[in-house]
Amino acid sequence: MAAPLYVTQSGRLWHAGLILIVTVGLPARGKTHLSRALERYLRWLGVKTRVYSLGDYRRKVLGGAKSVPADYFQTKSPRSEATNALRRKIKAELEDQIWDFFTVQGGQVVIYDANNGNVKARRECLDKFGSRGVHVIFLESICDKEDIITANIRSVKLSSPDYAGWSADKAVADYWSRIRDQEGVYDTVTAEEGPFIKVMNVGERIEVNRIEGYLQSRCCFFLMNIHTKPRTIYFARSGQSLIEHSYKADSDLSPAGWEYAERLKAAVIARRKALREDRKAAGEQLGEENPLLIWTSARRRAYHTAWPFVHSGYKVEQKPIMSEINPGVWDGLSSAEAMERYPDEWERFLADPYAHRAPRAESYHDLSVRLEPCIFELERVQQDLLIIGHASVIRCLLAYLVGLPPNEVPAVEMARGDLVEVTPASYGVMTRAFHFWSGEGRGDASGRNLYENFAEGTTGKGTVLPDSGVNFTQDAQNMEAQAVEEEEKEKEIKAEIVKTALQKRLSIGGGDGSRSAPTLPGVIEGDRESDDGEEVIREDEDDIEGETIGGSTAEDSKRGRAMSILEI
Amino acid sequence: MTGMPPPPAPMTSLPRSQSQSRGSKTPKTPRSPNLRPSSSNSLMSDLNVPPIPVEPQVLENAIKNLDVLRSTKTPSSTTAPSPAASGASSPSGSHMPGADKVAAAIGAALSGEPKTISAPGTPHFGAQSDLLKALDDTTKVFRQTSMAPTRAPSVSGIGTVVEKPDYSEAKIVVAMVGLPARGKSYLSNKLMRYLRWLEYNVEVFNVGQLRRSKARTQQQQGQGKADHSATWFSHSNAEANLAREKLAEESLESLIAWLKKEGNVGIMDATNSTFDRRDKIRERLSHEPNLQLLFIESFCNDPAVIAANIALKVQSGDPDYAGMSREEAERDFRKRIDAYESVYQTITEPGISFCRILNVGQQVTMNRIQGYLQSRVAFYLMNLHLKPRSIYLSRHGESMYNVEGKIGGDSDLSPRGWEYAKALPALVKDNIGDGPLEVWTSTLQRTQQTGSLLPFEKKTWKSLDELDAGVCDGMTYEEIEEKYPEDYESRDEDKFNYRYRGGESYRDVVVRLEPVIMELERQENILIIGHQAILRCLYAYFLALPQEELPYIVIPLHTLIKITPMAYGCHEERYHLPIAAVDTHRPKPQKAGAGGSHPHSRKQSVIDVGETVSRAPVSRDYFGDLSKVMGDATSVGVEQATEQLMRAKESGELTPKVGKRVVQ
């Protein structure tokens, strides 16, 4: 299933035809990283894309470095005819496979991951595929910083099967000699050769030549936005709201939802601390903590869930395009009701939960397209990021990051009360889930909590939603205790601030405790919502000037209660 | 952790903090600038209700009510647990006493929906029924009890005014680089239009204009006409060099001052053609840590593009060439270019942020593009082209909802709407000739039906769907005004920023349309069959109209708008088809003292096709009575129209669903 931005009558996607992206670059220039990132993005868009790696294919055919003929990577002196024939054969076989993907398997984009450092070879490739109507683009990755290259060798190449059983230093040295060898015969891509994209030092500089077409320019914009700085992305669902499954009611959080919001903040802080400890223990040099940025949708329940963060001065951005999937005419209906009222639609929905669009609703596909600007911004952001969102939105974004095929998007399970941590790694991402809340709103008796877009109605339907769907709920590691602990700690700090401020006020204000006392119950009991002692005190001032001066007996009794809470 | 204990599925528990002692005197406004309640039945009034004490009984009742609301089902529903029941309340929730009553009420509300031939609206918690008010009343208690002294903004009613997001962090100096007649001003203006549409504060600082205005003052003060012929631009003219240098500095200083005060993006439109000059800019900005610097070089080696630009410059009545013949002026201008060209140094400096554009989009180089806004700018520039083309905008033909005066929905075309759909192909053909054209529609029936007879390639965009009116979908303005008079007024006060509850604001629509604009820039001839709010947003982009005017732009039904991008701005023509339709335009209600009867005062060249208008367009007054107006002006009433359509449908005269292309 494809996910074009629009539907065409001819059924062709994007009007882009077939595209072959040929990577160009010396070894260890991050070609594979770029290829995989691009593949992930294009697949998420619904374009049938595959990376064909010459290196992988050679290893598959010939085995590790030790079983390759000695002159296989040799460039200075001519290789033996047998080796050349072998090289040609491997290349030709791989290119046959690419052609097969285009013609037989219905693929649209192939990323041909190889060095292709030679003008003549590139010309041959361009002729071979260009003459058959494939649009060929060169994607050159250039890197002139030795530290980046060495880091790349160490992090990626040493684990390659080529170096199974080698010592690290020996392997690095061998790899450098392989690079040096090729540098001599390497030709950079020039404007005469055809359309190209050049990426310098992983996105620092991008040069684009004669790139036309929708998909092609999308690829450029994507490559412009990616970076490799380490950071972490967190996902959590919004808290329970007063009216849970109505798109239109856009209701406030329930009392449990407010508690959830506080706990979420504590959990995120605790997790970030723990992660830092881990990295320190692993011997990493840590600089300043990466600041945390928070995105929520413009829905009340999502923004309210971020309120404790807003209140403590974190930067919280509301993004209207991150609203949950629009259920259209099914809004407010249960699965059973939707099934009863719209039997035809329901059948079609079950047949394809990803692409089906109920009347006036959005399909997951529509949602993916809507979220695309978010994906770019997500790639670009360098801070740590917490996304407080809706199940459907989180499913799409996680599916993109993890690289799930579109039909599995509706099956991603993520319960309210889990914090999912995503850390970009060299060829993909690492995901972990943490459970921090078991209270109200987490889910039904079986822990399932899937009401957005009726995904629960499709589970257990055999091939429709395969069991391979990522289930964060099942993998979640429990960190509830730490989160609670963190929350308690914060409460103590807050109480301390209030206490100090009050003491100060009492000593200045002539010692009549009754003046400020009436606000205390609110302060203490309401401090789930209040993280900011200063704010509380200002509120307190309002009261002093207001009606509470010269408090009544009722207020006196409240004072007593409040003070006793403060004594704890 | 498969063995996680299943959480209890309790009824909504009592909020722990029942006692309330918040000061009732001055309500605190939320700290966030992003949301502010606007209507009096929103947060403000909630705060003015004396909140203490809330009796436990009241609270308990509220919870009960809420659970009833939550588990409300239509009478026909089966016993399978609804998601709400499984998610939030106990299975017995739906059998609580009182539930039946509410359920019956809702059932009545549902079955009371007027039967239309279109897909039904979404009644659940829509503002038509009393459910929404019941919900708000019930949850008011929670809003009073469970919040701390400072609270997040709450929701009630049918929407709120949402303030513009904070863009104050974005501060960019965009310095243009390029020889004269390389389209620098074109790119600057285009960029300004795009970013202003996205609500950034953008200003172009044109050094040439500054020079000319200075010369004018000089002349007025009787100091003689300044010589700004090519000799002034010669690099060997030391005195002029100094003067030009000073001008550039002055322009940059005023740009920086403006950026620091209020601006987001200041575009310095000057040649900046040497390393030396660019170094000076960088040096100056190194003292401004909060300002980012981005160079945009427009490089042209296509003689055709350059010649066209020169011709434009000479024709445009440039004051530098006042009193010169065209040939003379062109000769002098070419000399000026030569003067610059002799010292021109293309951008090669390493380590600076730049975007180098060859022949407007043919080749683009980007270097160190940092930050979100910069990358947006770069991507935008990448998508531009100079090929001549036009963009056609048309609303769908009149729909049944239009006739009934309802907003939103997914209704079919009215008979008159179908007339328009039938007339459209000839009109478009007349205009476009044999040129290529692509038709874009939304996913809603009315636009697809309108486009169904057009013999062109079609694309369907979800992002072109009409502004989502949330809980008000399917209502008439009269109903909204009657049920929610205060909300109705507050929307009129700030229509651009007003977000319908569970729906969208005009700003949300602009954000959603941004990818469409990007794609439009890349394309050639496009016809968009859209909706009123959508076309207002697109139109505002092309004609650079400010946000306050945007929601009041007149986009009548049965009118084709042709927009042709020109060098500086867009040319517009309107073709009105003489097929009657209701008028869905609602002008901004006049307040006493507010000046200007019509905010949209731009001159429009309206060209009527057809000699006479056969039927006077029906003017529908949304504050008045529809039947009165319609009775006089047209032969077709609502009921008749519906009947006609039904008959036509049955007899197979119309092609109601789209997808089938009608071959003519």
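Small disclaimer: the values here were computed from a predicted structure and weren't measured. (Residues numbered from 1 in each chain as written. Chains lettered and ligands numbered in written order. Predicted model: local features only at pLDDT ≥ 70, side-chain atom pairs only at ≥ 80, totals over all residues. Heavy atoms only, no water.)

Description of the nonpolar core
For soluble globular proteins, nonpolar side chains are generally found buried alongside one another.
Link 1 in the chain: Of all hydrophobic cores here, the largest spans 143 residues; its most connected members are A:Leu223, A:Phe235, B:Ile296, B:Met366, B:Cys472 and B:Leu538.
Link 2 in the chain: For A:Leu223, the residues in contact, after removing those within four places along its chain, are A:Leu34, A:Leu38, A:Leu139, A:Ile197, A:Val199, A:Gly203 and A:Ile206.
Link 3 in the chain: Membership of the second largest hydrophobic core comes to 29 residues, among which are B:Phe233, B:Ile256, B:Ala339 and B:Phe354. (Core = buried A, V, L, I, M, F, W, Y, C linked by side-chain atoms within 4.5 Å. Buried < 20%, exposed > 50% of the residue type's maximum accessible area, 1.4 Å probe, protein only. Contact = heavy atoms within 4.5 Å.)

Re the pattern of salt bridges
Residues and elements named next belong to chain A.
Link 1 in the chain: By the definition in use, this model includes 64 salt bridges over all chains.
Link 2 in the chain: Glu317 is paired through a salt bridge with Lys319; the nearest N and O atoms lie 3.1 Å apart.
Link 3 in the chain: A relative accessible area of 12% places Lys319 in the buried class.
Link 4 in the chain: Connected via shared salt-bridge partners are Arg36, Glu39, Arg43, Asp56 and Arg59. (Salt bridge = Lys/Arg side-chain N within 4 Å of Asp/Glu carboxyl O.)

Digging into empty space enclosed by the protein
Residues and elements named next belong to chain B.
Link 1 in the chain: This structure, assessed with the given rule, holds 19 cavities of 30 Å³ or more.
Link 2 in the chain: Estimates place the volume of the largest cavity at around 390 Å³.
Link 3 in the chain: Elements supplying a minimum of two residues to the lining of the largest cavity: helix H14 (400-404) and helix H20 (532-542).
Link 4 in the chain: With three residues, H20 is the single largest residue contributor to the lining of the largest cavity. (1 Å grid on protein atoms, 1.4 Å probe; cavity = no way out; pocket = protein on both sides within 12 Å on 5 of 7 lines; lining within 4 Å. Points joined across faces, edges and corners; volume = space filled by probe spheres on them. Helix = DSSP H or I, 4+ residues; strand = E, 2+ residues; numbered from the N terminus.)

Details of helix H13 (residues 364-380) of chain A
Link 1 in the chain: In this model, H13(A) (17 residues) spans 24 Å end to end at C-alpha, consistent with the 24 Å of a helix rising 1.5 Å per residue.
Link 2 in the chain: Within H13(A), 16 of the 17 residues are buried, which leaves it mostly tucked inside the rest of the structure. (Expected span 1.5 Å × (residues − 1).)

What to know about the sheet that holds strand E10 (residues 315-319) of chain A
All names here are of chain A.
Link 1 in the chain: The strand order across the open sheet built from seven strands is E10-E9-E11-E8-E12-E13-E14, with neighbouring strands paired in mixed fashion. Each edge of the open sheet carries a strand with a single partner, namely E10 and strand E14 (477-478).
Link 2 in the chain: In this sheet, E10 lies alongside strand E9 (residues 292-297) in parallel orientation, the contact comprising five bridges. Bridge assignment links Thr296 to a residue of E10, and that residue is Gln318.
Link 3 in the chain: The strands touched by helix H14 (residues 391-402) within the sheet are strand E8 (233-237), strand E11 (384-389), strand E12 (418-425) and strand E13 (428-435), with E8 carrying the most contacts at an inclination of about 155°. (Pairing = 2+ DSSP bridges. Axes fitted to C-alpha atoms, helices over the stretch in contact; angles between N-to-C directions.)

Observations concerning the confidence of the model for chain B
All names here are of chain B.
Link 1 in the chain: Here chain B averages 73 in pLDDT, while 67% of its residues score no lower than 70.
Link 2 in the chain: Scored below 50 in pLDDT, residues 73-123 makes 82 contacts in the model with residues more than four places away or belonging to other chains.
Link 3 in the chain: Low pLDDT, under 50, characterises residues 653-664; the stretch is placed with 26 contacts to residues that sit more than four places away or in other chains.
Link 4 in the chain: Reported confidence for the predicted complex is 0.75 by ipTM and 0.75 by pTM. (pLDDT = per-residue confidence, 0-100.)

What about the packing of helix H6 (residues 184-197) of chain B against helix H19 (residues 506-522) of chain B?
All names here are of chain B.
Link 1 in the chain: In contact at an axis separation of 11 Å, H6 and H19 are set at 155° when each is read in the N-to-C sense. Accordingly, the angle class assigned to the pair H6 and H19 is roughly antiparallel. Contacts between H6 and H19 involve Lys190, Tyr194 and Trp197 on the former and, on the latter, Val510, Leu513, Glu514, Ile517, Met518 and Glu521. (Parallel < 35°, antiparallel > 145°, perpendicular 65-115°, else oblique.)

Let's talk about the state of the cysteines
Link 1 in the chain: For the structure shown, the criterion picks out zero disulfides over all chains.
Link 2 in the chain: The thiol of A:Cys143 is not disulfide-bonded; the next cysteine sulfur, from A:Cys220, is found 20 Å away.
Link 3 in the chain: Residue B:Cys570 stays outside any disulfide, its sulfur separated by 16 Å from that of B:Cys537, the closest cysteine. (Disulfide = S-S within 2.5 Å.)

Side note on the domain arrangement of chain A
Residues and elements named next belong to chain A.
Link 1 in the chain: Assigned domains of chain A: these are domain 1 (18-224) and domain 2 (233-458 + 468-485).
Link 2 in the chain: Placing a centre on the C-alpha atoms of domain 1 and another on those of domain 2 gives a separation of 36 Å.
Link 3 in the chain: Tallying the contact residues gives 13 residues for domain 1 and 16 residues for domain 2.
Link 4 in the chain: Taken together, domain 1 and domain 2 are joined by two salt bridges.
Link 5 in the chain: Summed over the shared surface of domain 1 and domain 2, the result is five residue pairs in polar contact (both at pLDDT 80 or more).
Link 6 in the chain: Every element with two or more residues in the side of domain 1 that touches domain 2 is listed here: helix H1 (31-44) and helix H7 (214-225).
Link 7 in the chain: Here the side of domain 1 that touches domain 2 gets six residues from one element, more than from any other, and that element is H1.
Link 8 in the chain: Its residues assigned to classes, the side of domain 1 that touches domain 2 shows eight nonpolar, two polar and three charged. (Domains from an automatic or database assignment. Polar contact = N/O pair within 3.5 Å; in protein donor to acceptor, adjacent residues only side chain to side chain. Nonpolar A, V, L, I, M, F, W, Y, C, P; charged D, E, K, R; others polar.)

What to know about the domain arrangement of chain B
Residue and element names in this part refer to chain B.
Link 1 in the chain: Split by domain assignment, chain B resolves into domain 1 (172-383) and domain 2 (391-576).
Link 2 in the chain: Each of domain 1 and domain 2 was reduced to a C-alpha centroid, and the two centroids are 36 Å apart.
Link 3 in the chain: The interface is formed by 15 residues belonging to domain 1 together with 19 residues belonging to domain 2.
Link 4 in the chain: Carbon and sulfur atoms make up 62% of the area that domain 1 and domain 2 hide from each other, which totals about 1700 Å².
Link 5 in the chain: It is Arg193, Trp197 and Asn383 that lose the most area in domain 1 upon contact with domain 2, and together they represent 47% of the buried surface on that side.
Link 6 in the chain: Taken together, domain 1 and domain 2 are joined by three salt bridges.
Link 7 in the chain: A salt bridge links Arg376 to Glu514; the nearest nitrogen and oxygen atoms lie 3.4 Å apart.
Link 8 in the chain: The interface formed by domain 1 and domain 2 contains 10 residue pairs in polar contact (both at pLDDT 80 or more).
Link 9 in the chain: At the level of elements, H6 and helix H13 (372-383) are the ones that each hand at least two residues to the side of domain 1 that touches domain 2. (Buried area = accessible area lost by both parts, 1.4 Å probe.)

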